[in-house]
Amino acid sequence: MRLLVTGGAGFIGSNFIHYWLSAHPQDSMINLDKLTYAGNLASLEDIAANPNYRFVQGDIVDASLVDDLSGAVDIIVHFAAESHVDRSIADSADFIRTNVEGTRVLLEAARRHNLRFHHVSTDEVFGSLGPADPKFNENTPYDPRSPYSASKAASDHLVRAYFHTYGLPATISNCSNNYGPYQYPEKLIPLFVTNLIEGKPVPVYGQGANIRDWIHVDDHNRGLDLIIAKGRPGETYCLGGDSEKSNLEITRLILELMGQGEEKIEYVADRPGHDWRYAIDFSKAKAELGWEPQIGFAEGLARTVAWYQEHPGWWQSLKAKQK
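Residues numbered from 1 in each chain as written. Predicted model: local features only at pLDDT ≥ 70, side-chain atom pairs only at ≥ 80, totals over all residues. Heavy atoms only, no water.

Chemist: A description of the nonpolar core should follow, citing residues and the corresponding values.
Modeler: Of all hydrophobic cores here, the largest spans 38 residues; its most connected members are Leu 3, Val 5, Phe 16, Ile 17, Val 77, Phe 79 and Leu 239. Elements represented by at least two residues in this core include exactly strand E1 (2-6), helix H1 (11-23), strand E4 (75-78), helix H7 (217-230), strand E10 (236-239) and helix H9 (283-289). Top contributing element to this core by residue count: H1, with six residues. Among all residues touching Leu 3, those that are not within four sequence positions of it are Phe 16, Trp 20, Asp 27, Ser 28, Met 29, Ile 30, Val 73, Ile 75 and Val 77. Among the nonpolar cores identified, the runner-up in size contains 25 residues, and Tyr 184, Ile 189, Met 258 and Leu 301 belong to it. (Core = buried A, V, L, I, M, F, W, Y, C linked by side-chain atoms within 4.5 Å. Buried < 20%, exposed > 50% of the residue type's maximum accessible area, 1.4 Å probe, protein only. Helix = DSSP H or I, 4+ residues; strand = E, 2+ residues; numbered from the N terminus. Contact = heavy atoms within 4.5 Å.)

So, in structure tokens, the structure goes:
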């Protein structure tokens with residue numbers, strides 16, 4: 001199989017590339033990435049010389065470039081997105097351009113070249129759950145609450161529209177919060193781990209009561225592999241980690257793993273429109289694809305903390321640019 005992966009220098013995309021080239025060494029892959037602040041080729045140094053791998057720096061809204069690359073592949077696996085909620089609250093323009101228009105450009109190329117298309121989305125499109133609400137599933141109505149999640153919801157709807165209107169063989173996955181290596185240190189887990197390594201406090205929104213379901217990026221990528229191999233065109237598959245934790249629970253687990261005390265917690269003003277809880281029901285993926293998460297949160301978090309401790313050269317330059 002020949003794959004065009006968008007956003008492959010980002011967190012989930014770079015892990016997917018590592019996963020795919022290991023699991024499917026006979027396949028070839030083009031990685032199209034604009035290399036915005038969150039794209040980092042250092043995440044892919046170890047496979048840069050692989051003859052089955054090619055990197056192209058470019059923008060997914062560049063229709064001519066996307067069309068050229070699409071003519072050489074069998075499937076587009078679409079990760080590329082602006083993804084940080086706080087940045088979308090400050091300025092939504094890049095989120096609409098990349099997440100909505102970029103997805104449309106890719107879908108048009110896939111339609112012209114008769115390609116399979118898989119779109120990687122988020123549970124945030126479903127809005128916010130109360131403490132006793134059932135988990136999100138594939139039939140949960142969309143209710144995005146931030147400019148980021150609204151832009152991802154729009155891209156999901158475009159993918160479905162291209163399936164229904166043009167018969168494009170497309171699938172969608174909505175996943176819960178990913179964690180693992182190569183994650184940009186503005187996100188909760190890598191931010192907290194790297195802050196503690198640097199002797200800094202960890203900023204917890206509000207009282208840290210907001211709840212997220214966490215999935216290790218390796219489990220997520222196994223799920224994507226199965227969707228690509230066995231998923232039914234036009235269908236959505238929810239991938240969750242079965243690991244609901246409050247932000248304060250996560251903080252305390254990180255502090256414990258790193259031998260730090262709660263004096264390192266700095267409670268800060270809550271994010272505007274901060275969704276209360278996300279949780280994913282992955283029973284459809286389990287029944288149809290035989291998928292379920294295999295990496296327990298305690299194990300996955302310990303591995304993640306160790307990775308950031310062992311790879312300061314990867315994240316220190318990124319944090320320096322944030323200042």
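Chemist: Account for the packing of helix H6 (residues 188-197) against helix H8 (residues 247-257), with residues named and values stated.
Modeler: At a minimum axis distance of 10 Å, the contact between H6 and H8 shows a crossing angle of 35°. Note that H6 runs across H8; the crossing there is right-handed. Contact residues: Leu 188, Ile 189, Phe 192, Val 193 and Leu 196 in H6; Asn 247, Ile 250, Thr 251, Ile 254 and Leu 255 in H8. The residue makeup of the contact of H6 with H8, split by class, is eight nonpolar, two polar and no charged. (Axes fitted to C-alpha atoms, helices over the stretch in contact; angles between N-to-C directions. Left-handed = near helix turned anticlockwise from the far one by under 90°. Nonpolar A, V, L, I, M, F, W, Y, C, P; charged D, E, K, R; others polar.)

Chemist: So what about the sheet that holds strand E3 (residues 53-57)? Which residues, and what values?
Modeler: The strand order E3-E2-E1-E4-E5-E6-E10 describes an open sheet built from seven strands, whose pairing is parallel. The sheet terminates laterally at E3 and E10, the two strands that pair on one side only. Within this sheet the neighbouring strands show an average axis-to-axis angle of 20°, counted without direction. Note: strand E5 (residues 116-122) against strand E6 (residues 170-175), six bridges, orientation parallel. Looking at E6, one finds that Thr 122 is bridged to Cys 175. Together, E4, E5, E6 and E10 form the strand contacts of H7, whose direction differs from that of E5 by roughly 150°. (Pairing = 2+ DSSP bridges.)

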